[in-house]
Amino acid sequence: MAAPAAFAQDSGPLRIVVPYAPGGSSDRAARIVADKLGAKLGQTVIVENKTGAGGRLAAQQFKEMDARQNALLLGNPAVMVVAPLVFKDAGYDPEKTFQPVSQVSDYEFGLAVSSAVPVKELTHLLAWLRANPDKANFGVPATGSLPHFFALMTTEKARVNGQVVGYRGSGPLIGDLLGGQVPVAFDTLDTLLPQHEAGKLRILASSGSKRSPFAKDIPTFKEAGLDLVATGWNALFAPAAMPREKVERLGKAIREVMLDPDTRSKFAAAMVTPVASTPAETAAMLKAYRAQWAPVVRKSGYQP
């Protein structure tokens with residue numbers, strides 16, 4: 001179901017605004033939460049997909065919302081961390097435009113190779129890339145994406161020179177990886193896992209602090225010999241004007257939803273980790289995340 005596009009209504013159902021098209025990982029997370037949250041609050045909760053400007057359009061419109069408006073934004077690192085760093089004016093200030101309500105998910109990145117690459121371990125891959133610098137091309141689903149910056153983080157840590165190749169989404173990236181047009185890919189773990197399980201590509205490492213519960217056969221980067229931990233996330237944010245009491249009430253309801261066994265089962269089926277956090281914990285997570293990623297983004301010199 002889609003709500004009316006206008007943000008101007010003062011009352012009615014609670015809307016969870018997703019800055020991306022239906023069907024993606026952010027949209028799936030929002031719909032799982034919305035289904036449970038409506039029953040918890042005793043009111044209708046609707047997911048509204050408002051696309052444009054790489055997620056910035058929805059965030060910009062939240063800047064104009066007043067205290068009467070009943071909506072939450074499903075934010076991620078691209079909207080809350082990367083865009084404000086790479087655009088001279090993103091159209092919003094993530095620290096002033098929004099109030100954190102609750103994180104809802106956490107996910108890892110993975111490094112995968114095509115079957116044409118003669119390696120089975122990360123240390124072997126790094127040696128192969130150093131010996132074959134002309135083949136050191138790393139595919140990512142989009143330039144300016146978190147996998148892009150994670151690839152830069154990884155190559156710097158590994159002291160490997162190479163070229164990052166941006167694609168128009170994960171589909172074309174995986175197609176070229178399977179076809180041998182690009183030897184190495186960085187993407188979210190949930191995107192890479194189906195082809196890994198089918199034996200069509202090999203994931204050599206995942207980026208969490210411990211092995212993913214969805215991929216226990218895949219070592220972490222630390223286990224594979226590279227001291228590196230990085231994750232992505234989805235979290236719900238309220239407009240700055242929303243009364244604090246309401247933010248706390250919504251946060252409590254969302255935490256209860258995220259602790260519900262059925263919710264956790266549905267997130268696990270989507271191969272992402274469900275998270276329940278208070279507004280204060282979500283704000284602390286965001287602060288730590290900015291501290292980790294801002295130097296990487298700035299050093300990259302990336303310009304949209």
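The preceding data block contains the structure.
Since the model is a prediction, treat every value here as computed from it, not as a measurement.

Engineer: Would you take a moment to explain the overall build of the protein for this structure?
Structural biologist: Helix and strand counts for the protein come out as 10 helices and 10 strands. In terms of C-alpha radius of gyration, the protein reaches 20 Å, essentially the compact-globule figure of 19 Å for 304 residues. When its C-alpha atoms are laid out on the principal axes, the protein stretches across 60 × 40 × 30 Å. Taken across its 304 residues, the protein has 52% of its residues classed as buried. By sequence separation, contacts in the protein at least 24 residues apart represent 75% of the contacts at least 6 residues apart. About 13300 Å² of surface is accessible on the protein, with carbon and sulfur atoms providing 52% of the total.

Engineer: I'm lost on unusual backbone geometry in this one. Help?
Structural biologist: Excluding glycine, residues mostly have negative phi values, and the peptide bonds linking residues are mostly trans. We note that A53 has phi near 55°; this positive angle belongs to a residue other than glycine. The residue A53 is located in the loop between β2 (45-49) and α2 (56-62) in this model. One non-glycine residue, M271, lies in positive phi territory at about 65°. Among the secondary structure elements, M271 is positioned in the loop between α9 (261-269) and β10 (273-274).

Engineer: I keep staring at the packing of aromatic side chains and nothing clicks. Help me out?
Structural biologist: Within a pair of aromatic rings, the relevant descriptors are the distance that separates the centres and the angle that separates the planes. The tally for this structure, following the rule as stated, stands at 13 aromatic pairs. With 6.2 Å between their ring centres and 40° between their planes, F62 and F98 make a pair best called tilted. Taken as a pair, F62 in helix α2 and F98 in strand β4 (residues 98-114) lie far apart in primary sequence, 36 residues in all. The buried category is assigned to F62, whose relative accessible area is 1%. Ring geometry for F98 against F237: centres 6.1 Å apart, planes inclined by 65°, an arrangement best described as edge-to-face. Taken together, the positions of F98 in strand β4 and F237 in strand β9 (residues 231-239) put the pair 139 residues apart, joining distant regions of the chain. By the burial criterion, F98 is buried, and F237 matches it.

Engineer: Just to check I follow, could you spell out the environment of A30 for this structure?
Structural biologist: Checked against the element boundaries, A30 lands in helix α1 (residues 25-41). Separated by 205 residues in the primary sequence, A30 and A235 have C-alpha atoms spaced 9.4 Å apart. Each residue touching A30, except ones within four places of it in the same chain, is listed here: I16, V18, V47 and L74.

Engineer: Whenever I open this one, helix α5 (residues 146-158) confuses me. Can you help?
Structural biologist: Side chains of residues three or four places apart in an α-helix project in the same direction, reflecting 3.6 residues per turn. If you check α5, its first and last C-alpha atoms are 18 Å apart, about what 13 residues at 1.5 Å a residue would give, namely 18 Å. For α5, the tally of buried residues reaches 10 of 13 residues, placing the bulk of the element in the interior. Of the residues one or two after α5, R159 is the one with positive phi, at around 55°.

Reading the values: the criteria
Residues numbered from 1 in each chain as written. Predicted model: local features only at pLDDT ≥ 70, side-chain atom pairs only at ≥ 80, totals over all residues. Heavy atoms only, no water. Helix = DSSP H or I, 4+ residues; strand = E, 2+ residues; numbered from the N terminus. Rg over C-alpha atoms; globule rule 2.2 N^0.38 Å. Buried < 20%, exposed > 50% of the residue type's maximum accessible area, 1.4 Å probe, protein only. Contact = heavy atoms within 4.5 Å. Areas by Shrake-Rupley, 256 points an atom, 1.4 Å probe, with all protein chains shown as cover. Phe/Tyr/Trp six-rings, centres within 6.5 Å; stacked < 30°, edge-to-face > 60°. Expected span 1.5 Å × (residues − 1).

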